[in-house]
Amino acid sequence: MAEVSLSGITRRFGDTLALDDVSLTVPDGAFVVLLGPTGAGKTTALRMVSGLDRPDAGEVHIGGRPVGGLTPAQRDVAMVFQQYSLYPHLTVRENLEFPLKSPLLRTPRAEIDRKVAEVAGMLQIAHKLDNRATNLSGGEMQRVSIGRALVRRPSVYLMDEPLSSLDAKLRADLRVELKKIQADFGATLIYVTHDQVEAMTMATHVGVLDQGRLLQFGAPREVYENPVSIQAAARLGQPRINLLPADLFGDAPPRAATIGLRPEQIEQGAGADSTVVRVERLGDQTRLHLIYRDHALVTVTDPHTPLGPGDLVPIRPRQPFYFDAAGARVA
Amino acid sequence: MSGYSITEPSRGQKRLAGALVILYAVITLLPLLWIVATGFKSPSDAISYPPKLVFEPTMEGYVNLFTTRTRVTPETLAELPPPDTWYDAIVRKYDMVIAGPSRYGERFLNSVIIGFGSTFLSVFLGTIAAYAFSRFKVPLKDDLLFFILSTRMMPPIAVAIPIFLMYRELGLNDTHLGMIFLYTAVNLSLSVWLLKGFIDEIPIEYEEAALIDGYTRFQAFRKVVLPQAATGIASTAIFCLIFAWNEYAFAVLLTSGTAQTAPPFIPTIIGIGGQDWPAVAAGATLFLAPVLVFTILLRKHLLRGITFGAVRK
Ligand SMILES: Nc1ncnc2c1ncn2[C@@H]1O[C@H](COP(=O)(O)OP(=O)(O)O)[C@@H](O)[C@H]1O
Ligand SMILES: [Mg+2]
């Protein structure tokens, strides 16, 4: 296992800046989650580390070594691709064996069988081992693709939205398994996701990417509680942070253009009245859709709330975030 | 919803389609049946008018194809010991004896060596070139590809004289190697273009996965690209073989003895013993066999190959 660092990585595709001077250090044994909207540059960042793509500027180090001139094989990385990329002419078993049989590893037969069985069991695909890789559901393909990475013990795992097409139960199971593998083997993992539960529960560090720039990098709680910008704040939190004119609730700090309120930053029962539009019961969460001085906002409330549409609730901000016109945090 | 839906064709539609296919097959196969039948006719049956649909089959055509014969006087014939093989007996009915084997076997073997040799080379070089054009940044790629294709635009015979002169200087006239090179050069453009199409269809992600899995680029090519390109390689091989196998003009011009292929040889059979159509037909029938067998062996790939572009995504 190894530390991974990117320094000043820039990558252009024509006019698109896919990565814009990105620097970050993934400590040995860390579980780093990259968050960001589609097109933010998350996949490109993984490809820089894997060696499938080269930066226009900047350097990648793995285990303290510059890897600029090394092939993906020499970098000793395992990658789960966003689009699965299972070898269509091979069976599931042969797909899982493929990395173990590489000229680099040349794993003995018994060891191959043991590892394939272990990983297949963990991913619940043991009964599909002799299927053609093309003869699987999307979720099964995704699991095989994860398995192809997990049979190895590389210096770093790169996973591009690996759980995106699994059902909720399997996703929860695999979250636990991945976290366990990372903890047991001290694996370094860089993981791309849209799922905020995955980010909050598995990550030791979260990196927020937007339009090729790394907006913030830190522990998940820190990114959540202390976002540096509107974009970073909007990446985490369900329901999403409410963004309203800065002076909506009264005095705002100088230069503040926007006030950001997560549900826990909205105190109910004090302040000025807002009108309930809708009560949304999601099971584990009850959301309150409110109108406050012609602005819509969403917060959460007690599951047994007696409130209904048309009722009035007084609200006021509690330690809100303030952002300037460009979106940077000012308070 | 539109008024159309994709459903099974009705029974009537299926029958009509089937009948049309059979009709078409019969029409296209008729000349082939004619050739095969003529091979088993006697020379007089072969030229009788109206043509005989029912006739007594004989192996004369095949015997004449594979042998050279000399005419002898009836007296000499009477003095000979009785024929010891069935083909001796057939020949003696015409007051002839077998003088030796004909050159058909050699010419046929030449066709096999040159046809399959050039097919192998075309497909081998074509695959490598197509992979490079498909995957790498080749300077002037589009121009090069157009140039490669443009070699197909002129009739090959337009360059026959220069090639004849070049080959004479190089000592390649009437050699197997010369013919293999020539057919490879002609087929290579087709091969590169066809195979590039097939390789373009194989997503590059599979190779990237293999690179990550610890393989070199060449190993990824062998283990991941080649198996998936098998379809394209098989269909390309068939097209190349068909051209090389049937090529006539260059073969007439550039070969006369050692390396002569079957196509220019077969018509010369006519001259050996008058109008020997059955022997010509027999030679043509046998000549059809290798391409037929090769195509049947690869037919699974070929069918998938032809529909390849239509099925994906
Ligand atoms: N091979 C490529 N060619 C051209 N543009 C690309 C290529 N790869 C990525 N891009 C562009 O770079 C940006 C970042 O892409 P990507 O890293 O795939 O984003 P993400 O994974 O965060 O959705 C996007 O605007 C995308 O269109
Ligand atoms: Mg992506």
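Conventions adopted
Residues numbered from 1 in each chain as written. Chains lettered and ligands numbered in written order. Predicted model: local features only at pLDDT ≥ 70, side-chain atom pairs only at ≥ 80, totals over all residues. Heavy atoms only, no water. UniProt positions renumbered as here; feature names shortened; annotations may be inferred. Helix = DSSP H or I, 4+ residues; strand = E, 2+ residues; numbered from the N terminus. Contact = heavy atoms within 4.5 Å. Buried area = accessible area lost by both parts, 1.4 Å probe. Salt bridge = Lys/Arg side-chain N within 4 Å of Asp/Glu carboxyl O. Nonpolar A, V, L, I, M, F, W, Y, C, P; charged D, E, K, R; others polar. Axes fitted to C-alpha atoms, helices over the stretch in contact; angles between N-to-C directions. Parallel < 35°, antiparallel > 145°, perpendicular 65-115°, else oblique. Patch = residues over 30% accessible without salt bridge, like charges linked within 9 Å, V, L, I, M, F, W, Y side chains within 5 Å. Areas by Shrake-Rupley, 256 points an atom, 1.4 Å probe, with all protein chains shown as cover. Buried < 20%, exposed > 50% of the residue type's maximum accessible area, 1.4 Å probe, protein only. Pairing = 2+ DSSP bridges. Left-handed = near helix turned anticlockwise from the far one by under 90°. Near = heavy atom within 4 Å. Polar contact = N/O pair within 3.5 Å; in protein donor to acceptor, adjacent residues only side chain to side chain. Domains from an automatic or database assignment. Donors = N, O, S within 2.8 Å, 3.2 Å for Na, K, Ca; no water. Core = buried A, V, L, I, M, F, W, Y, C linked by side-chain atoms within 4.5 Å. pLDDT = per-residue confidence, 0-100.

**As for the UniProt feature "domain: ABC transporter" (unreviewed entry) in chain A**
Item 1. What UniProt calls "domain: ABC transporter" (unreviewed entry) maps, in this numbering, to residues 4-236 of chain A.
Item 2. Taken end to end, residues 4-236 of chain A is 36% helix and 25% strand, and its two terminal C-alpha atoms sit 24 Å from one another.

**Structural notes on the interface of chain A and chain B**
Item 1. In this assembly, 23 residues from chain A lie in contact with 15 residues from chain B.
Item 2. With both chains or domains summed, chain A and chain B bury close to 1600 Å², and 64% of this area falls on carbon and sulfur atoms.
Item 3. As a salt-bridge pair, R148 of chain A and D213 of chain B come within 3.6 Å of each other at their nearest N and O atoms.
Item 4. When contributions to the side of chain A that touches chain B are tallied by element, the ones reaching two or more residues are α1 (42-50), α2 (72-75) and β6 (77-80) of chain A.
Item 5. Element by element, the count of residues in the side of chain A that touches chain B is highest for β6 of chain A, at three residues.
Item 6. Counted by class, the side of chain A that touches chain B contains 14 nonpolar, five polar and four charged residues.

**A word on the packing of helix α11 (residues 217-246) of chain B against helix α14 (residues 277-297) of chain B**
Residues and elements named next belong to chain B.
Item 1. Contact pair α11 / α14: the axes reach a minimum separation of 10 Å and the direction vectors enclose 175°. With respect to their mutual orientation, α11 and α14 come out roughly antiparallel. For the pair formed by α11 and α14, the contact residues are A237, I238, L241, I242, W245 and N246 on the first element and F287, P290, V291, F294 and T295 on the second.
Item 2. Taken together, the residues of the contact of α11 with α14 break down into nine nonpolar, two polar and no charged.

**Concerning the UniProt feature "transmembrane region" (unreviewed entry) in chain B**
Item 1. Under the UniProt annotation, the feature "transmembrane region" (unreviewed entry) is placed at residues 16-37, 112-132, 144-165, 177-195, 224-245 and 277-298 of chain B.
Item 2. With 100% helix and 0% strand, the stretch residues 16-37 of chain B has end C-alpha atoms that lie 30 Å from each other.

**Let's talk about a nonpolar patch on the surface**
Item 1. Nonpolar side chains collect at one region of the surface, where I22, V26, L29, L30, L32, L33 and L288 of chain B lie side by side and expose about 630 Å² of accessible area between them.
Item 2. With respect to the helices and strands, the residue I22 of chain B is situated in helix α1 (residues 11-39).

**Focus on the side chain of S111 of chain B**
Residue and element names in this part refer to chain B.
Item 1. Mapping S111 onto the fold places it in helix α6 (residues 104-135).
Item 2. Here S111 falls in the buried class, since its relative accessible area comes to 3%.
Item 3. If sequence neighbours within four positions are ignored, S111 has contacts with F116, W245, T261, A262, P263 and F287.

**What about the sheet that holds β6 of chain A?**
Residues and elements named next belong to chain A.
Item 1. Pairing is mixed in the open sheet, where six strands are placed in the order β6-β7-β8-β3-β9-β10. The two strands at the open ends of the sheet, each matched to only one other strand, are β6 and β10 (213-218). The sheet shows a mean angle of 15° between the axes of neighbouring strands, taken without regard to direction.
Item 2. Across four bridges, the pairing between strand β7 (residues 156-160) and strand β8 (residues 189-192) is parallel. Paired with D160 across the bridge in β8 is V192.
Item 3. Its contacts with the sheet place helix α6 (residues 168-185) against β3 (31-35), β7 and β8, and it is angled at close to 135° to β3.

**Thoughts on the packing of helix α9 (residues 176-200) of chain B against α11 of chain B**
Residue and element names in this part refer to chain B.
Item 1. The geometry of α9 relative to α11 is characterised by a closest axis approach of 9 Å and an angle of 155° between their N-to-C directions. In terms of orientation, α9 and α11 fall into the roughly antiparallel class. For the element pair α9 and α11, the recorded crossing hand is right-handed. Only A229, T231, G232, I233, S235, T236, F239, C240, F243 and A244 of α11 make contact with α9, whose side of the interface consists of Y183, V186, N187, L190, S191, L194, L195, F198 and I199.
Item 2. Across the contact of α9 with α11, the residue classes break down as 13 nonpolar, six polar and no charged.

**Focus: the site of ligand 1**
Residue and element names in this part refer to chain A.
Item 1. The environment of ligand 1 is formed by F13, T16, A18, P37, T38, G39, A40, G41, K42, T43 and T44.
Item 2. A distance of 2.7 Å separates an oxygen atom of ligand 1 from a polar atom in the backbone of G39.
Item 3. The separation between an oxygen atom of ligand 1 and a polar side-chain atom of T43 is 2.6 Å.
Item 4. Protein contacts shield 59% of the accessible area of ligand 1, which totals 560 Å² for the unbound molecule.
Item 5. When contributions to the shell around ligand 1 are tallied by element, the ones reaching two or more residues are β2 (16-26) and α1.
Item 6. The dominant element in the shell around ligand 1, judged by the number of residues it contributes, is α1, at three residues.

**Some remarks on the domain arrangement of chain B**
Residue and element names in this part refer to chain B.
Item 1. When the domains of chain B are assigned, the result is domain 1 (58-102) and domain 2 (105-307).
Item 2. Averaged C-alpha coordinates put domain 1 and domain 2 at centres separated by 40 Å.
Item 3. At the junction of the two partners, domain 1 supplies seven residues and domain 2 supplies 10 residues.
Item 4. For the pairing of domain 1 and domain 2, the buried interface totals around 700 Å² over both sides, and the portion due to carbon and sulfur atoms is 68%.

**A few points about the sheet that holds strand β11 (residues 242-245) of chain A**
All names here are of chain A.
Item 1. Here we have three strands laid out as an open sheet, ordered β11-β12-β17, and antiparallel in their pairing. Either end of the sheet is taken by a strand with one partner, and the two such strands are β11 and β17 (321-323). Neighbour to neighbour, the strand axes of the sheet diverge by 30° on average, direction disregarded.
Item 2. Sheet topology note: the strand β12 (residues 258-261)/β17 ladder contains three bridges and is antiparallel. Pairing of T258 across the sheet is with F323, part of β17.

**Concerning the coordination of the magnesium ion (ligand 2)**
Residues and elements named next belong to chain A.
Item 1. Every protein donor of the magnesium ion (ligand 2) is accounted for by T43 (OG1) and Q82 (OE1), and the metal-donor separations fall at 2.0 to 2.5 Å. One end of the pair, T43, is in helix α1; the other, Q82, is in the loop between β6 and α3 (92-97), and 39 residues separate them in sequence.
Item 2. Since its relative accessible area comes to 29%, T43 is described here as partly exposed.

**Focus on the nonpolar core**
Item 1. Residues V49, I62, Y87, L158 and I190 of chain A are the most contacted members of the largest nonpolar core, which totals 69 residues.
Item 2. For this core, the element with the highest residue contribution is α11 of chain B, accounting for 11 residues.
Item 3. Residues in contact with V49 of chain A, not counting those within four places in the same chain, are V4, L6, V60, I62, R75, V77, V156, L158 and I190 of chain A.
Item 4. Judged by nonpolar contacts, the second largest core, of 44 residues, contains A133, I181, A199 and A203 of chain A.

**Let's talk about the confidence of the model for chain B**
All names here are of chain B.
Item 1. Summary statistics for chain B give a mean pLDDT of 88 and a share of 93% for residues scoring 70 or more.
Item 2. Note on residues 307-313: pLDDT under 50 across the span, and five contacts to partners over four residues away in sequence or across chains.
Item 3. Scored as a whole, the predicted complex attains pTM 0.82, and scored at its interfaces, ipTM 0.86.

**Some words on the pairing of β6 of chain A**
Residue and element names in this part refer to chain A.
Item 1. What you see with β6 is no split at all: V77 and M79 on one side and A78 and V80 on the other are buried throughout.
Item 2. Looking at chain direction, β6 and β7 are connected through four bridges and run parallel. Of the residues in β7, the one forming a bridge with V80 is M159.

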